[in-house]
Amino acid sequence: MSLRDAARVMRNEGISGLLVVNSAGQPVGVVSDTDMVRALSRGIDKDSSVAGIMSRSFFGVSPEATLQEAARIMKENGVSRLFVVRGAHGKTELSQMPEGIISISDIISAMAGWG
Amino acid sequence: MARVRDYMTRGVYTVDENATLEDVVRVMARYRISGVAVVGEDGDTLGVVSDTDVLNAIVEGRSTDTRVSEIMMPFTLIVDEDTSVEEAARIMDRERVHRLFVVKEERPAKATLSKPYLQRPVGVITSSDIVRFVAE
């Protein structure tokens, strides 16, 4: 998929990141709004492949973790979203589709509900 | 050439300098935004609080009544409406931020030597605006 097409999916769905999968449906990377900013700032063509700009590392959190733990993992690794995977805590392998994603905005929404 | 004016969101969400961490969280959640400007009594912009600053405050175990002035960042990452979208992306990439405020310079009623102009925020351009640009 091209950067342009990935950006269209993000724009149309109102999301800031996509999981990149291979033809077998296995996760191979993540492409985010931050990667799009970097690509544009470096003059990378919109028609080039997302494979060239995606991050190949996955950061995860266990579904049982607290929001505070999720926040700490995000801060330590400088990321804005984590994949929810059983037993994950930080950098993780992603051999199959994650159970879900948690982002900074999810944590902020949850905090707003605490008061 | 695509300019910031073509992709920015006009208007800026603000909190005053006495607002708390809890106030900021409520504003961000309610309006689904990831950053607010902090303004002083004279209307001058003092700083910026982003969702990342809120995340750091949580990790540091700060209480919800922490003043925004303790967690805000300086209001320095600004562009004007005529800046190109590519240049805005370069600044975001270099400074590792997701938003830049768009300002207009104004002469305040009472100018001082140290502060001859007020930088009034008129809008914001974010990484999602950059995504919209790449999508076209």
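Quick caveat, the model's predicted, so the values are computed rather than measured.

Attention now moves to the overall build of chain A. If you tally the helices and strands in chain A, you get four helices and six strands. Each helix (α) and strand (β) of chain A, taken in turn from the N terminus, gives the series α-β-β-α-β-α-β-β-β-α. Its C-alpha radius of gyration of 15 Å places chain A within 12% of the 13 Å reference for a compact globule of 115 residues. Projected onto the principal axes, the alpha-carbon positions of chain A cover approximately 45 × 30 × 25 Å. Here chain A, with 115 residues, has 36% of them falling under the buried criterion. Expressed as a percentage of contacts within chain A between residues at least 6 apart in sequence, the contacts between residues at least 24 apart total 46%.

With 28 residues of chain A at the interface, the matching set in chain B holds 25 residues. Elements that contribute at least two residues to the side of chain A that touches chain B include exactly helix H1 (3-13), helix H2 (33-41), helix H3 (67-77) and helix H4 (104-114) of chain A. Residue composition of the side of chain A that touches chain B, grouped by class: 13 nonpolar, seven polar and eight charged.

Formed by 65 residues in total, the largest nonpolar core has its most connected members in Met36 and Leu82 of chain A together with Val24, Val49 and Ile130 of chain B. Looking at which domains feed residues into this core, each of domain 1 (1-56) and domain 2 (59-115) of chain A gives three or more. In this view, Val49 of chain B contacts Val24, Gly35, Val36, Val38, Val54, Val68, Ile71 and Met72 of chain B; residues no more than four positions away in its chain are not counted.

Our next topic: the domain arrangement of chain A. Its domain assignment divides chain A into domain 1 (1-56) and domain 2 (59-115). Each of domain 1 of chain A and domain 2 of chain A was reduced to a C-alpha centroid, and the two centroids are 20 Å apart.

Basis of the calculations
- For every chain, the first residue of the written sequence is number 1, and numbering continues from 1 along that sequence.
- To label them, take the chains in the order written and letter them from A, then take the ligands in the order written and number them from 1.
- In view of the model being predicted, local features appear only for residues whose pLDDT reaches at least 70, and side-chain atom pairs are presented and counted only at 80 or more, with totals across whole chains, interfaces and linings using the full set of residues.
- Comment: elements are numbered from the N terminus, with helices defined as DSSP H or I runs of at least four residues and strands as E runs of at least two.
- Atoms counted for the radius of gyration: C-alpha only. Globule rule: 2.2 Å times the number of residues to the power 0.38.
- Exposure classes come from backbone-placed C-beta atoms, where a residue is buried if 20 or more other C-beta atoms lie within 10 Å of its own, exposed if 12 or fewer do, and partly exposed in between.
- The contact criterion used is a C-beta to C-beta distance within 7 Å, with each C-beta placed from the backbone.
- Only Asp, Glu, Lys and Arg are considered charged, only Ala, Val, Leu, Ile, Met, Phe, Trp, Tyr, Cys and Pro nonpolar, and every remaining residue, Gly among them, polar.
- Put simply, a nonpolar core is buried Ala, Val, Leu, Ile, Met, Phe, Trp, Tyr and Cys residues tied into one set by C-beta atoms within 7 Å.
- Where each domain starts and ends follows an automatic or database-derived domain assignment.

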